[in-house]
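Summary of the model geometry
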Amino acid sequence: MIDWRSSMQQTFEYYIVDPATWRETDRIQTMVSCEITRDTSQDTLGSATFECTEILGECYIRVYLVAIQNGERARFPLGTFLVQTPSIKFDGKINTVSLDAYTPLYELKEKKVPLGYAILKGSNIMTFASSLTRENVRAPVVRANSGENLNSDFVATLDDDWLAFLSDLVTNAKFAFDLDELSRILFAPQQDVRSLNPVWTYTDDNSSILYPEITMDRDLYGIPNVVEVVYSRGSGYFYARAENNDLNSPVSIPNRGREVIYRETDPSLGGTPTQEYINEYANQLLRNLSALEYRLTYSH
C-alpha cells in the first residue's frame, strides 16, 4: 500500500491500447510529457495532450503513474485517450510531436443519430442508454440499472449526435455519463452539489503540513435566483417559474434583496412534455445554475 503522504519515486508509463479488447499491447518509449484535463463542464468530460518524439497514428493511449516506495512498486491508471491531431516540430536534431487526445466519449460525438430516431414512451431509460452507448463506442460500457421509464416518446433533433442525444436521455433518469480510471464508460447518478462531503481533511501532524497563505475567490456575478422556462412548440405551451427563497443560500432572493432572473425560452426536451415535467425542469435548472462556486488556492 502506497502512503501518499510520504516520500516516493514517481514515474509514468504509456501504452498503446487495443480498442477491441481494451488491453495494452505495446509500451511507448518515446513519450516526453503528458497533460490530462478533467472537466465535467465538457461534454466529453476531459482531454489530454501528449508530447513525444515519434509520429503515432490514430490510437488509444493509456497513462499510468508508477509509484515506488520502500521497495514496493505500484501502477495507477490515469486514463485512456484517443489520439487524433498531431503537430510536428523539427529543430534540426529531433522531432517533437504534439498530440491532442480525447476521452472515449468522443466516439459518440463523431456519429449522428439517424433522422427521426425515437425511443417510445414507456421504454426503460437506462436499458436503452446502456445498449445504444455500447453499440456506438469501442470502449467498455458498464450498464446502469434504473426503474425510470419514459413518460413520452424521446425523439432526436436534426443536429443530435449520439453523445448529445444520450446525455439528454439519461438526464431523464437523473444520471450522467462518467469515466473510471481506465476510461471505461459509466453512468453516474446526478448528485446535488450541496450534499457533497469534504474529500480531504488536513490534520496537524507532520504528514499534512498546510502553509498559511490561503486565497479564496467567490463570484456572485450572473448567478440567478429565479428561473423561468417557456416551452412553446406546435400546439403545446407551458410556463414554469422556480424561485430560490432559501435563507441558507447566499444567492437567494431574501439574502440578495432582489431577483436575478434567468429565462430559457427554447429548452431542449424530448417527446411531448407536460406541465409537471416543465416545473421539474425549471426546479432542476435553478438548482444547477444557482450553485455558488468557490475557488480555494493553497499549498501543502
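These remarks concern the structure in this document. (Residues numbered from 1 in each chain as written. Predicted model: local features only at pLDDT ≥ 70, side-chain atom pairs only at ≥ 80, totals over all residues. Heavy atoms only, no water.)

A short note on the overall build of the protein chain
A count of helical and extended segments in the protein chain gives five helices and 16 strands. The dimensions of the protein chain, computed from C-alpha atoms along their principal axes, are 65 × 55 × 40 Å. Per-residue burial for the protein chain yields a buried fraction of 36% across its 300 residues. Considering only contacts within the protein chain whose residues lie at least 6 apart along the sequence, 64% involve residues at least 24 apart. Element-wise, carbon and sulfur atoms account for 48% of the exposed surface of the protein chain, whose accessible area totals about 18,200 Å². Side-chain charges of the protein chain comprise 27 positive and 41 negative groups, with the mean position of each set lying 1 Å from the other. (Helix = DSSP H or I, 4+ residues; strand = E, 2+ residues; numbered from the N terminus. Buried < 20%, exposed > 50% of the residue type's maximum accessible area, 1.4 Å probe, protein only. Contact = heavy atoms within 4.5 Å. Areas by Shrake-Rupley, 256 points an atom, 1.4 Å probe, with all protein chains shown as cover. Lys, Arg positive; Asp, Glu negative; His and termini not counted. Charge placed at Lys NZ, Arg CZ, Asp CG, Glu CD.)

Focus: the packing of aromatic side chains
Following the criterion strictly, the structure yields twelve aromatic pairs and no others. Arranged with centres 5.8 Å apart and planes meeting at 90°, the rings of Tyr 15 and Tyr 64 form a pair that is edge-to-face. Separated by 49 residues along the polypeptide, Tyr 15 in strand β1 (residues 9-18) and Tyr 64 in strand β5 (residues 59-69) bring together distant segments of the chain. One aromatic cluster is present, formed by Tyr 117, Phe 154, Trp 162 and Phe 165 through successive ring pairs. Over the ring of Tyr 64 we find Arg 75; its NZ or CZ atom is 3.9 Å from the centre of that ring. (Phe/Tyr/Trp six-rings, centres within 6.5 Å; stacked < 30°, edge-to-face > 60°. Lys NZ or Arg CZ within 6 Å of the ring centre and 35° of its normal.)

Describing the sheet that holds strand β14 (residues 236-243)
One open sheet holds the three strands; their spatial order is β14-β13-β15, and the pairing between them is mixed. Looking at strand neighbours, the two that pair on one side only are β14 and β15 (261-264), the edges of this open sheet. Ignoring strand direction, the axes of neighbouring strands in this sheet form an average angle of 10°. Pairing between strand β13 (residues 226-233) and β14: eight bridges, direction antiparallel. Within β14, the position partnered with Val 226 by the bridge is Glu 243. (Pairing = 2+ DSSP bridges. Axes fitted to C-alpha atoms, helices over the stretch in contact; angles between N-to-C directions.)

Section: the state of the cysteines
Scanning the entire structure with this criterion turns up zero disulfides. Cys 34 carries a free sulfur, and the closest cysteine sulfur to it, the one in Cys 52, is 11 Å from it. What makes Cys 34 partly exposed here is its relative accessible area of 28%. There is no disulfide at Cys 52, and the cysteine sulfur nearest it, in Cys 59, is 9.0 Å away. Assessed through its relative accessible area of 1%, Cys 52 is described here as buried. (Disulfide = S-S within 2.5 Å.)

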